[in-house]
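Fold and contact review
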Amino acid sequence: MEKFKTLTSTAIPLAIENVDTDQIIPARFLKATDKKGFGANLFRDWRYDKNGASNDAFILNNPNYGGSILVAGNNFGCGSSREHAAWALTGFGFKVIVSSFFADIFKGNSLNNGLLPVQVSEVFLKELLQELSNNPQSKIEVNLEAQTITILNGNRSEDFDIDPYKKTCMINGYDDIDFLLSKREVIEAFELNRN
């Protein structure tokens, strides 16, 4: 995985609540087991009509918005447990998802795939969505080491929680195997001292 410490980016506001994994990546696209290619079908049924034409009213198709942060409504990633949802979001280029609540399985799948779910208060989420609505070029800073998210225009900030193990993994770019390998010397010393 790619190391993550601090990200400063513009963001895309998806002010929709209860976005489930079938909306993130529809089930008909789950035939592959490789992570590649899922980003093209992220929010497929919202981004395109039945004939495959772009839905210009959908926020991801709005040329005024861009960046590697998605700011979503409450209860993002609910529904069935499909790791493909995290694959589609990272495949599209997102590195951070912000919401006031995430489904637990989605949150775990995201962290396992280098996608940082930042859970904020409902008040801060509304403030963030309003800022992006008013100014699509507003920059957001996510500092994983300090566990803060900041709207740089006006310097408004909030802390967020993250599992310490997953924080270590993301900062160092580790998956679970990489983390174990990073402890090889400690494990070998323990084994030597047991005899």
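This section reports on the structure supplied with the text. (Residues numbered from 1 in each chain as written. Predicted model: local features only at pLDDT ≥ 70, side-chain atom pairs only at ≥ 80, totals over all residues. Heavy atoms only, no water.)

**Observations regarding unusual backbone geometry**
The line we're drawing: In DSSP terms, a helix is any run of H or I states spanning at least four residues, a strand is any run of E spanning at least two, and both are numbered starting from the N terminus. Think of it in three bands: residues with accessible area under 20% of the maximum for their type are buried, residues over 50% are exposed, and the middle band is partly exposed, with areas taken using a 1.4 Å probe on protein chains only.
Residues other than glycine seldom take positive phi values, yet F43 does so here, at roughly 50 degrees. Within the element layout of this structure, F43 appears in the loop between α1 (21–24) and α2 (44–47). Look at Q147: it is not a glycine, yet its phi comes out positive at around 60 degrees. Q147 sits in the buried class, given a relative accessible area of 17%.

**Details of the pattern of salt bridges**
Rule in force here: Between Lys or Arg on one side and Asp or Glu on the other, a salt bridge is scored when a side-chain nitrogen of the former is within 4 Å of a carboxyl oxygen of the latter.
The tally for this structure, following the rule as stated, stands at four salt bridges. Measuring nitrogen to oxygen at the nearest pair gives 3.4 Å for the salt bridge that ties K95 to E2. Of the two residues, K95 is situated in the loop between α3 (84–92) and β4 (96–99) and E2 in the segment before β1 (6–9); the sequence distance between them amounts to 93 residues. On the basis of relative accessibility, which here comes to 58%, the residue E2 falls in the exposed class. For E127, the salt bridge identified is with R156, shortest N-O distance 3.3 Å. Taken together, the positions of E127 in helix α5 (residues 122–134) and R156 in strand β8 (residues 156–159) put the pair 29 residues apart, joining distant regions of the chain. Residue class for R156 comes out partly exposed when judged on its relative accessible area of 25%. Among the ionic contacts, a cluster of salt bridges with common partners joins E127, E131 and R156.

**Digging into the packing of aromatic side chains**
This is how it is decided: Whether two aromatic rings pair depends on their centres lying within 6.5 Å, for rings of Phe, Tyr and Trp, where Trp uses its six-membered ring; planes under 30 degrees apart make the pair stacked, over 60 edge-to-face, and the rest tilted.
Counting across every chain of the model gives eight aromatic pairs. With 5.3 Å between their ring centres and 75 degrees between their planes, F76 and F106 make a pair best called edge-to-face. Of this pair, F76 sits in the loop between β3 (69–72) and α3 while F106 sits in helix α4 (residues 104–112), and the two are 30 residues apart along the sequence. Taking the relative accessible area as the measure of exposure, F76 reaches 0% and is therefore buried. Pairing F92 with F94 gives two aromatic rings, centres 5.5 Å apart and planes at 25 degrees, and the pair type is stacked. Take F92: its relative accessible area is 30%, and that puts it in the partly exposed class. Taken together, the ring pairs connect F43, W46 and F58 into an aromatic cluster.

**Looking at the nonpolar core**
Quick note on the threshold: By convention a nonpolar core is built from buried Ala, Val, Leu, Ile, Met, Phe, Trp, Tyr and Cys residues, the set being connected through side-chain atoms within 4.5 Å.
Counting 51 residues, the largest nonpolar core has F43, L70, F76, L89, V98, L116 and V142 as its most contacted members. The element contributing the most residues to this core is α5, with five residues.

**Side note on the packing of α3 against α4**
Note the threshold: Between N-to-C directions, angles span 0 to 180 degrees; the directions come from axes that are lines fitted to C-alpha atoms, helices contributing only their stretch in contact. The cut-offs work like this: below 35 degrees is roughly parallel, past 145 is roughly antiparallel, 65 to 115 is roughly perpendicular, and the gaps in between are oblique. Left-handed describes a crossing whose near helix is turned anticlockwise from the far helix by less than a right angle; the clockwise case is right-handed. Note on definitions: a residue-residue contact is assigned when non-hydrogen atoms from the two residues lie within 4.5 Å. Residue type decides the class: Asp, Glu, Lys and Arg count as charged, Ala, Val, Leu, Ile, Met, Phe, Trp, Tyr, Cys and Pro as nonpolar, and the leftover types, Gly among them, as polar.
At a minimum axis distance of 8 Å, the contact between α3 and α4 shows a crossing angle of 50 degrees. With respect to α4, the axis of α3 lies oblique. Pair α3 / α4 crosses with right-handed handedness. Counting all contacts with α3, which are made through A85, A86 and L89, the residues of α4 involved are F106, N109 and S110. Here the contact of α3 with α4 is built from residues that sort into four nonpolar, two polar and no charged.

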